[in-house]
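# Remarks on the overall topology
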Amino acid sequence: MLTLKFITENRDDAIRRLNKKHFADAEKMIDEVIALNNNRRSTQKELDDTLAQINQVSKTVGALMQSGKREEAEIAKAETAKYKEISRELSAKMDNLAISIQNLLLQIPNVPKESVPEGTGADDNVVEKMSGINPTFNFEVLPHWELAKKYDLIDFELGVKITGAGFPVYKGKGARLQRALINFFLDEARNAGYLEIMPPTAVNEASGYGTGQLPDKEGQMYHCEVDNLYLIPTAEVPVTNIYRDVILSEKDLPIKNCAYTQCFRREAGSYGKDVRGLNRLHEFSKIEIVRIDTPEHSEESHKEMLSHVESLVQKLELPYRILRLCGGDMSFTAALCFDFEVYSAAQKRWLEVSSVSNFESYQANRLKCRYKTAEGKTELCHTLNGSALALPRIVAALLENNQTPEGIRIPKVLIPYCGFDIIK
RNA sequence: GGAGAGAUGGCAGAGUGGUCGAUUGCAGCGGUCUUGAAAACCGCCGUACUGAGAGGUACCGGGGGUUCGAAUCCCUCUCUCUCCGCCA
């Protein structure tokens, strides 16, 4: 969430930038926050003064009792009664104000950076870069779900039997390809300086709130009600929460973590051709990269993350494009976000395989993730994360783009990881 | 699942109703000494809100209560540890 300091000191700027995100009622909500906060401040002053009175009288009571002046002590005791009544009312008022402010702040999205383009939806995203060669075929190409069946790589029906739609079963070379990609992505991340983390895939409520999946996306996560745990939709949740309520030292930044986990998404409301095959799953594998950084360096970190992700799709020899998301298409919490898409030759469409975002201090404020500067000041960190990469759509593109009459060719970089160079 | 113990500052660990926001040790920071380092010695060393500042207020797992006054007493919730049971 945005900080009160930012909102109160940059009212007009905040409203203008929220409008870029096409956030309705920006002005109304910002002004309400400011009004509530002013009220909160004056109420707190009153409350603090009242409590100070009580504390002071209490001290004299103690002193009087010790010196045996009982009657005077009794008089002093009686005096606190009226202050107590006042403080009770004031603290009730304070609690209400604090809750109202918190509720409002949770509803206000992050403000986009200046470099975010104007726009209302996916069509307004700016293509930053397009690279790689779209494959051409002189035979009839099959979509990946048919290739998966033809070569017995992925069994969607079996997944339905065991669990349900969106939980595919990978078999033989299909399973080995999964493991190869996971290891390849993890090795690449480690070589780029990321510390590998293997976190739990179920998290508690506090972690869900920490990274902002709760309360907004409650319905999108699998919830184990008996123990009140949530299956993670991304490794971002457990990994970023490592730094919840932590004050880091400036010399430790940027922190660079990577993690492979299974990810679970209910995808309530999804249907149609977008969910065919591997395009949208309830459970999938993903390698996530996470950074915690200083405000001064986070932009640089973001660039490094983008070139890391770009190197992955390049090594996999996939045609790709990088989109700079417009204000209207960005997520609630991002300040700047780039999407990577790979071209899927049989489906003839772009598939999103990575989203690399800078959240600036928005997420850190909720997480209370701070760092001590060299001068000893405590400041909010910036947090960033990105997929590097999510497997299913990469697999979809690899299968479709690399199909030949002889079989499916494995990109050179993956051959040592797979242990085979063609699927036939 | 059964029984017991516990939750205090980055860590360890005192504190059982009145200058306790908290003794002490370690770690950290600054300094003296040293060619440099170590050792020794001296000083500093939680977070947040509020105030121009001095300062004020809150926080000893969370919430509630008793009291003029609570880290300390009571209730409640959560979590952790130990032992037993079950088990990958």
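Residues numbered from 1 in each chain as written. Chains lettered and ligands numbered in written order. Predicted model: local features only at pLDDT ≥ 70, side-chain atom pairs only at ≥ 80, totals over all residues. Heavy atoms only, no water.

### Overview of helix α2 (residues 11-20)
Rules: A simple rule labels every residue: compare its accessible area, found with a 1.4 Å probe on the protein chains alone, to the largest value its type can have, and call it buried under 20%, exposed over 50%, or partly exposed in between. Numbering of helices and strands runs from the N terminus; a helix is a DSSP stretch of H or I covering at least four residues, while a strand is a stretch of E covering at least two. It only takes one pair of heavy atoms within 4.5 Å for two residues to be counted as in contact.
Those residues of α2 lying buried are Ala14, Ile15, Arg17, Leu18 and Lys20. Tucked into the core, α2 has its buried residues touching α1 (4-9) and α3 (26-66). Looking one or two residues beyond α2, the residue adopting positive phi is His22, at roughly 55 degrees.

### Notes on the domain arrangement of chain A
Put simply, the test is: Each domain's extent is set by a domain assignment, obtained either automatically or from a database. Each reported salt bridge corresponds to a side-chain nitrogen of Lys or Arg within 4 Å of a carboxyl oxygen of Asp or Glu. Whenever two N or O atoms come within 3.5 Å, that pair is a polar contact, provided that in protein one can donate a hydrogen and the other can accept it, and provided that, for residues adjacent in sequence, both atoms are side-chain atoms. Three categories are distinguished: nonpolar for Ala, Val, Leu, Ile, Met, Phe, Trp, Tyr, Cys and Pro, charged for Asp, Glu, Lys and Arg, and polar for the others, with Gly belonging to the last.
What the domain assignment reports for chain A is domain 1 (4-106) and domain 2 (122-423). Inter-centroid distance (C-alpha atoms) of domain 1 to domain 2 is 44 Å. Across the boundary between the two partners, domain 1 contributes 5 residues, which contact 9 residues of domain 2. Our count for the domain 1 to domain 2 interface comes out at 0 salt bridges. Connecting domain 1 to domain 2 are 3 residue pairs in polar contact (both at pLDDT 80 or more). Per-class residue counts for the side of domain 1 that touches domain 2 are 2 nonpolar, 1 polar and 2 charged.

### Focus on the protein's contact with RNA strand B
As a reminder of what qualifies: For this description, a residue counts as near a given molecule or strand if any of its non-hydrogen atoms is within 4 Å of it.
The immediate surroundings of RNA strand B are formed by 18 residues, with Arg40, Gln44, Asp48, Ser58 and Lys372 found nearest. In the environment of RNA strand B, a sugar or linking oxygen lies 2.2 Å from a nitrogen or oxygen atom belonging to the side chain of Gln44. Taking Asn55, its side chain carries an N or O atom lying 3.1 Å from a phosphate oxygen of RNA strand B. Per-element accounting of the surface near RNA strand B gives the leading share, 11 residues, to α3. A per-class count over the surface near RNA strand B returns 4 nonpolar, 6 polar and 8 charged.

### Points about the side chain of His308
Examined against the element boundaries, His308 turns out to sit in helix α10 (residues 298-315). Sequence-distant contacts of His308, defined by excluding residues within four places in its chain, comprise Glu188, Ala189, Ala192, Ile289 and Ala388.

### Some remarks on the pattern of salt bridges
This model, assessed by the stated rule, comprises 23 salt bridges. For the salt bridge of Glu114 with Arg16, the shortest nitrogen-to-oxygen distance reads 3.0 Å. In this pair, Glu114 sits in the loop between α4 (70-107) and β1 (126-131) while Arg16 sits in helix α2, placing the two residues 98 residues apart along the sequence.

### Quick word on the sheet that holds strand β9 (residues 255-264)
Where we set the bar: At least two DSSP bridges between two strands are needed for those strands to be called paired. In this description, a line fitted to the C-alpha atoms serves as the axis of each element, helices being fitted only across the stretch in contact, and the angle between N-to-C directions of two axes falls anywhere from 0 to 180 degrees.
The mixed open sheet is built from 8 strands, whose spatial order is β1-β11-β12-β13-β16-β10-β9-β4. Edge strands, defined here as strands with exactly one partner in the open sheet, are β1 and β4 (195-197). Each neighbouring strand pair of the sheet contributes to a mean axis angle of 25 degrees, computed without reference to strand direction. Direction of pairing for β9 relative to strand β10 (residues 283-293): antiparallel, over a ladder of 10 bridges. When the sheet's bridge partners are listed, Tyr260 is paired in β10 with Ile287. With respect to the sheet, helix α7 (residues 173-191) is in contact with β4, β9, β10 and β16 (382-390), its orientation differing from that of β10 by roughly 5 degrees. Those strands touched by helix α12 (residues 391-401) are β10, β12 (336-344), β13 (349-360) and β16, and its axis lies near 30 degrees from that of β12.

### Some thoughts on the confidence of the model for chain A
The cut-off we apply is this: As a per-residue measure, pLDDT tells how confident the predictor is, with possible values from 0 to 100.
Here chain A averages 92 in pLDDT, while 99% of its residues score no lower than 70. Listed scores for the predicted complex are pTM 0.92 and ipTM 0.85.

### Overview of the layout of surface pockets
Convention followed: A cavity here means a set of points on a 1 Å grid, drawn over the protein atoms and nothing else, where a 1.4 Å probe fits but cannot get out; a pocket is an open set with protein on both sides within 12 Å along at least five of seven lines, and a residue lines either one if it has an atom within 4 Å of a point. Grid points are joined across faces, edges and corners, and a volume is the space filled by probe spheres set on the points.
The calculated volume of the largest pocket comes to roughly 1500 Å³. Arg265, Asp339, Glu352, Ser355 and Arg393 are, among the 48 residues lining the largest pocket, the residues nearest its centre. Mapped by element, the contributors of at least two residues to the lining of the largest pocket are β10, β11 (320-324), β12, β13, β16 and α12. The element that contributes the greatest number of residues to the lining of the largest pocket is β13, accounting for 9 residues. In the lining of the largest pocket, the residues fall into 17 nonpolar, 15 polar and 16 charged.

### Side note on the sheet that holds strand β14 (residues 369-372)
Spatially, 3 strands are ordered β8-β14-β15 in an open sheet, and the strand pairing comes out mixed. At either margin of the open sheet sits one strand with a lone partner, and together these are β8 (246-249) and β15 (378-380). The average angle at which neighbouring strand axes cross in this sheet is 35 degrees, direction not considered. Sheet topology note: the β14/β15 ladder contains 3 bridges and is antiparallel. Looking across to β15, one finds that Tyr371 is bridged to Glu379.

### Quick notes on the packing of aromatic side chains
Spelled out, the test is: Here is the rule: rings of Phe, Tyr and Trp (six-membered ring for Trp) pair when centre to centre is within 6.5 Å. Planes less than 30 degrees apart are stacked, more than 60 are edge-to-face, and the remainder are tilted. Counted as over-ring charges are cases with an Arg CZ or a Lys NZ within 6 Å of the ring centre that also lie within 35 degrees of the ring normal.
In the structure shown here, the tally under the stated rule is 6 aromatic pairs. Ring geometry for Phe167 against Tyr222: centres 6.3 Å apart, planes inclined by 55 degrees, an arrangement best described as tilted. With Phe167 in the loop between α6 (156-162) and β3 (169-170) and Tyr222 in the loop between α8 (205-210) and β6 (223-224), this pair connects stretches of sequence that are 55 residues apart. Residues Phe332 and Tyr362 carry aromatic rings whose centres are separated by 6.4 Å and whose planes lie at 80 degrees to one another, so their mutual orientation is edge-to-face. Separated by 30 residues along the polypeptide, Phe332 in the loop between β11 and β12 and Tyr362 in helix α11 (residues 361-367) bring together distant segments of the chain. Put simply, the rings of Phe184, Phe185 and Tyr417 touch in pairs and so form one group of aromatic residues. A cation over a ring is seen here: Lys173 above Phe420, with NZ or CZ 5.0 Å from the ring centre.

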